[in-house]
Structure formats: structure tokens, C-alpha cells
Amino acid sequence: MATTRKSAAPSSDRRVRRTRLALARALIELAEERDLSRIGVSDVAERAEVSRSAFYDHYGDVHELAEDACTQMIDELIESLPGPALDSADLVREAIESLTAFFGSLAGHAGLYHALLGAQGSARVAGHIRRRVAAVIHERLRQADAGDWPERVPHDVTAAFTAGALMGVATDWLERGCSRPPAEMAAITWPLLNAHYRVSEGGAAPARDVPPGPVPSEEGEH
């Protein structure tokens, strides 16, 4: 009997994962065809080829499924993004590539992300994305050589500031219908984010004795 119980648990776990994956895929497909507000439990269950009762075994409603699907997609995206080190000799190019992938992923599921990040969206999803982005930035700063990247501002504050700014830009872009291509958005956004870090084209860190802020004018100018 003990052997039977042990072997049944992994099988049950696999069924749960398969069902959740089928529901998520069904919702993502449907969200490309119509607004999230027009998608019902029956629509998702039918597309996923499961019963309504099977849907309710896992989620209370479509919005809860959408939140779960979005947070999983963001986790997978962040884990797959190139992670340029702050002392990389090609930091600017690598950072723009990461931003392009980020905007590209949002554009690939624009209907779903717009519904969850817009004015009537999900605080859970917006908060999850912001925290995940901030965590990555904080870890990059923590790993950087303290001699090259002095902590003028606490790293957690810098990470939260950058993640919040990126989320603001991304949300506005989604609300405008992704009017610019992801690569253009990345190229536009990087200088704004970099204004805080002041990274040179070669990936060099800012000089220790130069405080953040406007660049001083040439001597003699007024």
C-alpha cells in the first residue's frame, strides 16, 4: 500500500501540471483573438479540452488563470534573458538586446498583458513583474566590483527605481497598442535607464569622484 501511494503522488502532480499548462495555453490563444473580458470559463475549458469542473479544480475564474499564466511567462522570460555583467566590455549592446527581448515578449502577448497591466488590470501581475526585474538588477549590482560601482545609492533603491521606470514605460507602450517595434523601444529606453548608471559605451563604470546628476558645463560657460 505504501508503494502505491508513493507512485500515485508523482502521477497526480504530472496531471495537475498538464492541466494547468493546457489551460494557460488555451487562454493565451484566446487572448490573441478577443479581449480578456470576453473570455469565459467555458471558452477556456473547451479550447483546453477539459471540463468546467476541471477548470474550477485549479482556478476560481479566468482572471486568476490569467494572472498565473502571466507570472509564469515573465518568470520564464527573465530566466532566459541574457544577463550582462556591469563590467562587460559590450554592456550597452547586451543591455539593449535584453530590453528588446523583454519588449518583444510583451508584444507577443500584448492583449493579455494590456488587460493585466492597464488601469483595470492586476496589481498581483504588475507587482510580480516589478519585483522580478528589481531582483535581477539588484543581483547585478551586488555582484559588481565595489571598487568600480560604489554604492552612492543603496542597491535596493536603485533596483526598485529602475524596475518601476521600466514598468511604467512598458505599460504605457502596451496601452498605446505597441506603436513602436520592440527594438526601437529598447533603443529609446536604454539611455533613460542608463542616465542613472552613466555607463560608457565600453561598459566602464562612472568615476568615483563624479556625483550623479547633470554633466558640469565647460569652464568659462555661463
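The following refers to the structure shown. Because the structure is predicted, anything quoted here is derived from the model rather than measured. (Residues numbered from 1 in each chain as written. Predicted model: local features only at pLDDT ≥ 70, side-chain atom pairs only at ≥ 80, totals over all residues. Heavy atoms only, no water.)

**Here's the deal with the overall build of the chain**
So, step 1. Within the chain one finds 9 helices and 0 strands.
So, step 2. The order of α-helices and β-strands along the chain, N terminus first, is α-α-α-α-α-α-α-α-α.
So, step 3. Residues classed as buried in the chain amount to 37% of the 222 residues present.
So, step 4. Across the chain, the fraction of contacts at a sequence separation of at least 24, relative to all contacts at a separation of at least 6, is 67%.
So, step 5. Counting every atom, the chain has about 12,700 Å² of accessible surface; 52% of that belongs to carbon and sulfur. (Helix = DSSP H or I, 4+ residues; strand = E, 2+ residues; numbered from the N terminus. Buried < 20%, exposed > 50% of the residue type's maximum accessible area, 1.4 Å probe, protein only. Contact = heavy atoms within 4.5 Å. Areas by Shrake-Rupley, 256 points an atom, 1.4 Å probe, with all protein chains shown as cover.)

**Let's talk about the packing of helix H6 (residues 110-117) against helix H7 (residues 123-143)**
So, step 1. Across the interface, H6 lies against H7 with an axial gap of 7 Å and an inter-helix angle of 105°. The angle between the axes of H6 and H7 places the two elements in the roughly perpendicular class. Of H7, the residues touching H6 (which contributes Tyr-113, Leu-116 and Leu-117) are Val-125, Ala-126 and Ile-129.
So, step 2. The residue inventory of the contact of H6 with H7, partitioned by class, reads 6 nonpolar, no polar and no charged. (Axes fitted to C-alpha atoms, helices over the stretch in contact; angles between N-to-C directions. Parallel < 35°, antiparallel > 145°, perpendicular 65-115°, else oblique. Nonpolar A, V, L, I, M, F, W, Y, C, P; charged D, E, K, R; others polar.)

**Notes on the packing of helix H4 (residues 62-80) against H7**
So, step 1. Where H4 meets H7, the axes come as close as 9 Å, and the angle between the chain directions of the two elements is 15°. The angle between H4 and H7 falls in the class roughly parallel. Note on packing geometry: the crossing formed by H4 with H7 is right-handed. Contacts from Glu-64, Glu-67, Asp-68, Cys-70, Thr-71, Ile-74, Asp-75, Ile-78 and Glu-79 of H4 reach H7 at Arg-124, Val-125, His-128, Ile-129, Arg-132, Val-133 and Val-136.
So, step 2. A breakdown of the residues in the contact of H4 with H7 according to their chemical character gives 7 nonpolar, 2 polar and 7 charged. (Left-handed = near helix turned anticlockwise from the far one by under 90°.)

**Structural notes on the environment of Ile-96**
So, step 1. Within the secondary structure layout, Ile-96 lies in helix H5 (residues 91-108).
So, step 2. Spatially, the C-alpha atoms of Ile-96 and Trp-190 are 6.4 Å apart, while their sequence positions differ by 94 residues.

**Some points on the packing of aromatic side chains**
Aromatic ring pairs are reported here in terms of the distance separating the ring centres and the angle at which the planes meet.
So, step 1. With the rule as written, the count across this model stands at 4 aromatic pairs.
So, step 2. Ring centres of Phe-55 and Tyr-56 lie 5.5 Å apart, and the angle between their planes is 80°; on these two criteria the pair is classed as edge-to-face.
So, step 3. Clustering of aromatic rings is evident, with ring pairs tying together Phe-55, Tyr-56 and Tyr-59. (Phe/Tyr/Trp six-rings, centres within 6.5 Å; stacked < 30°, edge-to-face > 60°.)

**A word on H5**
So, step 1. For H5, built from 18 residues, the straight-helix expectation of 26 Å at 1.5 Å per residue is met to within 8% by its first-to-last C-alpha distance of 25 Å.
So, step 2. Burial in H5 covers these residues: Leu-91, Val-92, Glu-94, Ala-95, Ser-98, Leu-99, Phe-102, Phe-103, Ser-105 and Leu-106. (Expected span 1.5 Å × (residues − 1).)

**Re the pattern of salt bridges**
So, step 1. On inspection of all chains with the given rule, the structure shows 9 salt bridges.
So, step 2. The partner of Arg-93 in a salt bridge is Glu-97, and the shortest N-O contact between them spans 2.5 Å. With Arg-93 and Glu-97 both in helix H5 and 4 residues apart, the pair spans about one turn of that helix.
So, step 3. Residue classification places Arg-93 among the partly exposed positions, given a relative accessible area of 41%.
So, step 4. The class for Glu-97 is partly exposed, based on a relative accessible area of 37%.
So, step 5. The network of salt bridges with shared partners includes Glu-29, Glu-33 and Arg-47. (Salt bridge = Lys/Arg side-chain N within 4 Å of Asp/Glu carboxyl O.)

**A short note on the nonpolar core**
So, step 1. The biggest cluster of nonpolar side chains holds 49 residues, and the ones touching the most others in it are Leu-27, Val-44, Leu-112 and Tyr-113.
So, step 2. Elements represented by at least two residues in this core include exactly helix H1 (2-31), helix H2 (41-48), H4, H5, H6, H7, helix H8 (155-175) and helix H9 (182-197).
So, step 3. Setting aside anything within four residues of it in sequence, one finds Leu-112 in contact with Leu-27, Ile-28, Ala-31, Leu-36, Ala-66, Cys-70 and Met-73. (Core = buried A, V, L, I, M, F, W, Y, C linked by side-chain atoms within 4.5 Å.)

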